[in-house]
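Structural overview
Here is how the chains run, residue by residue.
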Amino acid sequence: MQDSLFSSEHQQDNNLKGNQTNPFIIQVAVPKPLRQIFDYIVPAPINNSTIQMGMRVLVPFGRQQLIGVVLSTHQETNFALHKLKNIVEVIDHTPCIPDDIIELLTWMSRYYQHPIGEVYSHALPALLRQGKPTELVVENAWQLTVQGLRVETESLGRAVKQRLILDYLKSAMAQRIPHTPSQLNQALDNWRDSMKRLEEKGLVEQVQPSSIFTSAPAIAEPLHPLNSEQQHAADTIRASLGKHQTFVLEGITGSGKTEVYMQVILEVIQRGQQVLVLVPEIGLTPQLVERFKRHLNATIAVLHSSMNDTERLNNWLAIKSADASVLIGTRSAIFTPFKNLGLVLIDEEHDLSLKQQDGLRYSARDVAIMRARNAEIPIILGSATPSLETLYNVEQNRFTKLELNKRAGDAILPDIHLLDVRSQKLENGLSAQLTQRIREHLERGNQVLLFLNRRGFAPVLMCYECGWLSHCSRCDAFFTLHQKAQRLRCHHCGNEQPIPTQCPDCKTNGLHNELSPVGMGTERVEESLAELFPDKTILRIDRDSTRKKGELESKLEQAKDAKTDILLGTQMLAKGHHFPRVTLVGILSADQGLYSADFRASERMGQLILQVAGRAGREKQRGEVIIQTCHPEDPLLEDLQHHSYPDFCKDLFTEREQAALPPFSYHVLIRAEAIDEMAPMELLQAARQTTNNIEASIVEAVEIYGPFPAPMTRRAGRYRYQMLCQSTNRNSLQKLLHYWLPLIESLPNRKKVKWSVDVDPQEMY
Ligand SMILES: [Zn+2]
Ligand SMILES: [Zn+2]
């Protein structure tokens, strides 16, 4: 059947070629959730000889005008010419998206089963999506005039906003330093009109900032000499420059992976090529960028989510034009066009933040590997705890593993103890033994790090009279008690309310602890530590304590300070930061990950525990790690106790192989959600029915499970169901989806339901 379809299409093409009157036709991807591309005519006044693939064009679409991207300039169409519309204008003079990125995005659209136009719009910086020119946006900066420096703020009378701006510019930090609009936006709201008034009064002036990028110092600081393991890794990778190979750099914490990265990057830069460095969201700190700048003597561009649109465009352009030779960025930096890319590097390749969890659900790691393969350049996947998928690829000889097993300098690995807390009374999450060890380490003048992956005061509030629990009204989850903010907050939907003064059910007054917190969050542990160690300084680092811009960086600085005795926090503390004075790490509970509905939870728990453990004793002093658990006999925990990530993974591999779970098979998760309780289930059932219209051999190559309710069935007021497709063959999955998704899209009731396809899902929720 398919063959005949193709041949008739072919005939149609020939017919058209025969009698066409030579209009210039282009194929355009438009930013709409549609799987096809659209043909347009380039009308006569536009010089069609300049149109190339990858240029943006303004096109009519329904009653709208949209900015699309030219994907080809075939002179052919399957449609009657009178049905085609004319483009409005060509926006670019040169392609905004080069050929290699077009190739990558086309592959992504196919592999992730995502509408092509949306993939393209996802890959462009926001300003280019809006049709702005591909030019650096040089915004004038503002500074005080001499007169502005002298004038008293009071003289501005009741012009409150102007006084505020003047005060800000006069603050010791800011004097006579030009402030870019983006900097001002961070400090002040709606400042533009008042700034104009101040300019009219001659108190401030506009100046051109000298450069958008701070370039590197003239002389790079030399790298630390590499030890033999590091040198071997660097040499092996350097020898493969100019051809494609995937390296897994597995280095225990403190083994100096970054030194290896920089040694290789230096070589690439010296060859006149550029480097893309992808890091997890939380790993991209000003300190990391500083460190790269110091050693590489190169102009470095940066891309991450908290930059504004102008900053993002400028950095994107700097890489495209090769004005910058290194790009350090989070996930979406993978789409940046490079003039001459020579190496891709992913730090913490196992990190969940490399996978986008909504919209275009791609893995930046997997896309990066594809990009390096297309470009015939090497890629490095670095981690202390590589993902099972990556290790499986090593076993299959697809990737090459390089190991760093020695800690830099004289540092040795910490001792890890499992502390059985089954028969113990915990005081606010701390066993007597752990408290004693904390005391001993503090008495020696050392620093202690405590890890609890749960923020807030307590995960639930309970009425001891009637058993009422603080359920979120919109989710199958509890409200977390936030004592300091005096709020109940849902961590899943953002819903919040004041802490009730009486029980909503039995109306018992909560004055005498009838309403009490159950369980432990970082805020509560902080409170009890303050009572146990009144003369010690405690620093809590979690999402609540680092909400403001720059707060995480300043807290991490503070953490290294000799005055800070106890660090307490969630996984924000675990990742990549170096705290040289920490000798004791306490993990308050290891049990969250052991028995979870998600089969990846134990892998994540192990990675997290080893990462936290790696914070202990990184310099001269031997560290100690204490893990509180109710399951000390668990074989996975025993592996971790011996620092044996390979054994830990071996046990997980056995588990996964027996259950035929990834990496021994591949998954696609089809999710559906709606406010109406029945709708998602009905849609998925109907979707499953449609497989009857697909050739049986294609359907039978894939196991389809469900539909069944998602582990958290109700979230943010919506009911969620899912269907899991599993196969040992990626192509079988792709083939099924290719025929199946159009059938689901044409189901009558799908509009009421939000549904999505997740290829290689990383979370089952
Ligand atoms: Zn009650
Ligand atoms: Zn909620």
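Throughout this description, residue numbers start from 1 for each chain and increase along the sequence as written. Going through the entries in the order they are written, you letter the chains from A and number the ligands from 1. In keeping with the predicted nature of the model, local features appear solely for residues at pLDDT of at least 70, side-chain atom pairs appear and are counted solely at 80 or more, and the whole-chain, interface and lining totals rest on all residues. Note that the side-chain values use all heavy atoms of the structure and ignore hydrogens as well as water.

Bringing the coordination of the zinc ion (ligand 1) into the picture now. Summarising the metal site, the zinc ion (ligand 1) is bound by the protein donors Cys463 (SG), Cys466 (SG), Cys503 (SG) and Cys506 (SG), whose distances to it range over 2.3 to 2.4 Å. Mapping the donors of the zinc ion (ligand 1) onto the primary sequence gives the spacing C-x2-C-x36-C-x2-C. Within this pair, whereas Cys466 is found in the loop between strand 18 (460–463) and strand 19 (480–482), its partner Cys506 is found in the loop between strand 21 (496–498) and strand 22 (515–518), the two being separated by 40 residues in sequence. Shown as donors are all N, O and S atoms within 2.8 Å of a metal ion, widened to 3.2 Å for Na, K and Ca; because water is not in the atom set, sites may appear incomplete. Numbering of helices and strands starts at the N terminus; helices are DSSP runs of H or I of at least 4 residues and strands are runs of E of at least 2.

It is worth spelling out the sheet that holds strand 26 (residues 624–629) at this point. Read across the open sheet, the 6 strands follow the order 16-26-25-17-24-23; overall the sheet is parallel. The open sheet has two edge strands with one neighbour each: strand 16 (415–420) and strand 23 (538–541). Mean inter-strand twist for the sheet, computed between neighbouring axes without regard to direction, equals 20°. Two strands make a pair as long as DSSP finds a minimum of two bridges between them. Bridge analysis of strand 25 (residues 582–587) against strand 26 gives 4 bridges, and the strand direction is parallel. Axis definition: a line fitted to C-alpha atoms, over the contacting stretch in the case of helices. Angles run 0 to 180 degrees between N-to-C directions.

Listed as protein donors to the zinc ion (ligand 2) are Cys472 (SG), Cys475 (SG), Cys490 (SG) and Cys493 (SG); their distances from the metal cover 2.2 to 2.4 Å. Each label reflects the angles at the metal, where four donors whose angles all fall between 85 and 135 degrees are tetrahedral, four or six donors whose opposite pairs open beyond 155 degrees and whose other angles stay between 65 and 115 are square planar or octahedral respectively, and the rest are irregular. One can describe the donor arrangement at the zinc ion (ligand 2) as tetrahedral, given that its 4 donor atoms subtend angles of 105 to 114° at the metal. The motif formed by the donor residues of the zinc ion (ligand 2), counted along the single chain, is C-x2-C-x14-C-x2-C. Here Cys493 lies in the loop between strand 20 (487–489) and strand 21 and Cys472 lies in the loop between strand 18 and strand 19, a separation of 21 residues in the sequence.

What follows covers the environment of Val28. On the secondary structure map, Val28 appears in strand 1 (residues 24–29). Should any heavy atoms of two residues lie within 4.5 Å, those residues are counted as being in contact. Each residue touching Val28, except ones within four places of it in the same chain, is listed here: Ile37, Phe38, Tyr40, Val57, Val59, Gly68 and Val69.

Okay, the sheet that holds strand 14 (residues 379–383) next. The strands making up a sheet are joined through hydrogen bonds of the backbone, oriented either antiparallel or parallel. The parallel open sheet is built from 7 strands, whose spatial order is 11-12-10-13-14-9-15. Only two strands of the sheet have a single neighbouring strand rather than two, namely strand 11 (300–303) and strand 15 (400–404). Neighbour-to-neighbour, the strand axes of the sheet open up by a mean angle of 20°, direction not taken into account. Taken together, the 4 bridges between strand 10 (residues 274–278) and strand 12 (residues 326–329) define a ladder with parallel strand orientation. Of the residues in strand 12, the one forming a bridge with Leu278 is Gly329. Lying on the sheet, helix 10 (residues 257–270) is in contact with strand 9 (246–251), strand 10, strand 12, strand 13 (341–347), strand 14 and strand 15; it crosses strand 13 at an angle near 170°.

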